[in-house]
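# Descriptive structure summary
Chain by chain, the residues:
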Amino acid sequence: MTITMRIGLVLAALLMANGPAMAQAPLRVMSFNIRLPMASDGANAWDNRREVTAAMLARAAPDLIGAQELHKVQGNFLVARLKGYAWFGRDRRGGHADEHMGIFYRTDRLKLIRSGDFWLSDTPEVPGSISWGNLYPRMATWGLFETRAGGRRFYAFNTHLPYRAEDEAARERAAALILERIAAMAGGLPVVLTGDFNTTPGSGAYRKLSAGLRDAWTRAPTREGPAETFHNFTGTADKRIDWIFARGFVVKRAQTITDHQGVVQTSDHFPVMAELGWAKR
């Protein structure tokens, strides 16, 4: 046997040994309320923090980001800066001039099979519909993805629930509707749900969601950063309202990212990221 043949056999063996491991690479998922562009945010207006935000995302390198309060100008800026990412979603009025529940994904790792959205109301298919005493339309955007290595399929859902204290009943109804849609659409496929839920663990909405899905933060054997996520541009958070839920994955690690540059924050929320391993088929 020639040296060339031996080298070829060794390389083939390495590829065979590493193939399954590559196919099973963990999925890195982020939930991030990016804060809409508001000139009144002063030092933390979007034009001042967009480069800090892009740098944070480049370092974190999530495979999937569920973004809330996203405006089209922000989504387009980030995919232009980051390269290798795409995003999709309609805004809460059904167009592209208002807040999106946009989902970003790495195109080298994930292939989008199909996507859509529904409204958290009595008429989920009606864009901009409002029910349950909400002040604004509330919605969820979803995507069915396939990993480019290994061909593993999963669903991602992303949402933003109402914020007032008196909205807890509406948040519970929204949580119930999201779970109904997950059950109807995803079947036995793995699922991730990201969002700004505007309520804390222990609430009715949290109990509903955590009964059927796993809270990545509490399930992670390793956690970094503060549990709390909303900090109102102060850098000191006092509420854990941004969550990542999962089903069909093994939670390996969770992290709250507190990157900033002086007084300039990435948002008024800290992004949360989870590393999710694939459960055995």
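All figures in this text were calculated on a predicted structure; none of them were measured in a lab. (Residues numbered from 1 in each chain as written. Predicted model: local features only at pLDDT ≥ 70, side-chain atom pairs only at ≥ 80, totals over all residues. Heavy atoms only, no water.)

This part is about the pattern of salt bridges. The full count for this structure, using the stated rule, is 20 salt bridges. The closest approach of N and O atoms between Arg81 and Glu51, which form a salt bridge, is 2.5 Å. Here Arg81, found in helix α3 (residues 72-82), pairs with Glu51, found in helix α2 (residues 46-60); they are 30 residues apart in sequence, far enough to count as distant. The class of Arg81 is partly exposed, set by a relative accessible area of 45%. For Glu51, a relative accessible area of 37% corresponds to the partly exposed category. (Salt bridge = Lys/Arg side-chain N within 4 Å of Asp/Glu carboxyl O. Helix = DSSP H or I, 4+ residues; strand = E, 2+ residues; numbered from the N terminus. Buried < 20%, exposed > 50% of the residue type's maximum accessible area, 1.4 Å probe, protein only.)

Mapped onto the elements of the fold, Glu146 is located in strand β6 (residues 139-147). Classification of Glu146 as buried rests on a relative accessible area of 17%. Taking the C-alpha atoms as reference points, Glu146 and Leu112, separated by 34 residues in sequence, lie 6.6 Å from one another. Not counting the four nearest positions on each side in its chain, Glu146 is found in contact with Arg109, Leu110, Lys111, Ile113, Gly151, Arg152 and Arg153. (Contact = heavy atoms within 4.5 Å.)

Every buried residue of α3 is listed here: Gln74, Gly75, Phe77, Leu78, Val79 and Leu82. Among the structural elements, α2, β3 (85-88) and β4 (103-106) are those in contact with the buried residues of α3. Downstream of α3 by a residue or two, Lys83 has a phi angle that is positive, lying close to 60 degrees.

Here the focus is the confidence of the model for the protein chain. Per-residue confidence for the protein chain gives a mean pLDDT of 93, with 92% of residues at or over 70. pLDDT under 50 marks residues 7-23. Its contacts with residues more than four places away, or in other chains, come to four contacts. (pLDDT = per-residue confidence, 0-100.)

What follows concerns the sheet that holds strand β8 (residues 191-196). If you trace the six strands from one edge of the open sheet to the other, you get β5-β6-β7-β8-β11-β9, paired in mixed fashion. One side of each edge strand has no neighbouring strand; the edge strands of this open sheet are β5 (110-119) and β9 (214-215). Strand direction decides the pairing type here: β6 and strand β7 (residues 153-160), joined by seven bridges, are antiparallel. When the bridges of β7 are listed, Leu144 appears paired with Tyr155. Where helix α4 (residues 168-186) meets the sheet, its contacts fall on β5, β6, β7, β8 and β11 (242-247), and the angle it forms with β7 comes to roughly 160 degrees. Set on the sheet, helix α5 (residues 204-212) makes contact with β8, β9 and β11; between it and β11 the angle comes to about 25 degrees. (Pairing = 2+ DSSP bridges. Axes fitted to C-alpha atoms, helices over the stretch in contact; angles between N-to-C directions.)

A few words now on the packing of α2 against α3. Running from N to C, α2 and α3 point in directions that differ by 45 degrees, and their axes come no closer than 10 Å. The orientation of α2 with respect to α3, classified from their angle, is oblique. When the axes of α2 and α3 are compared, the crossing they make is right-handed. Residue-level contacts link Trp46, Arg49, Arg50, Glu51, Thr53, Ala54, Leu57 and Ala58 of α2 to Gln74, Phe77, Leu78, Arg81 and Leu82 of α3. Class assignment for the residues of the contact of α2 with α3 results in seven nonpolar, two polar and four charged. (Parallel < 35°, antiparallel > 145°, perpendicular 65-115°, else oblique. Left-handed = near helix turned anticlockwise from the far one by under 90°. Nonpolar A, V, L, I, M, F, W, Y, C, P; charged D, E, K, R; others polar.)

This part covers the nonpolar core. Phe118, Leu120, Phe157, Leu193 and Phe245 are the most contacted members of the largest nonpolar core, which has 25 residues in total. The biggest single contributor to this core is α4, with seven residues. If near-sequence neighbours (up to four positions away) are discounted, Phe118 is found in contact with Pro124, Met139, Ala140, Trp142, Phe157, Leu177, Ile178 and Arg181. (Core = buried A, V, L, I, M, F, W, Y, C linked by side-chain atoms within 4.5 Å.)

The grouping of Leu135, Tyr136 and Tyr163 at the surface amounts to a nonpolar patch, some 300 Å² of accessible area in total. As for its position among the elements, Tyr136 is in the loop between β5 and β6. (Patch = residues over 30% accessible without salt bridge, like charges linked within 9 Å, V, L, I, M, F, W, Y side chains within 5 Å. Areas by Shrake-Rupley, 256 points an atom, 1.4 Å probe, with all protein chains shown as cover.)

Turning our attention to unusual backbone geometry. With phi around 60 degrees, Lys83 is a residue other than glycine that occupies positive phi space. By the secondary structure assignment, Lys83 is in the loop between α3 and β3. Here the phi dihedral of Asn232 falls at roughly 55 degrees; this positive angle occurs in a residue that is not glycine. Along the polypeptide, Asn232 turns up in the loop between β10 (223-224) and β11. According to the relative accessible area criterion, Asn232 is partly exposed, its value standing at 48%.

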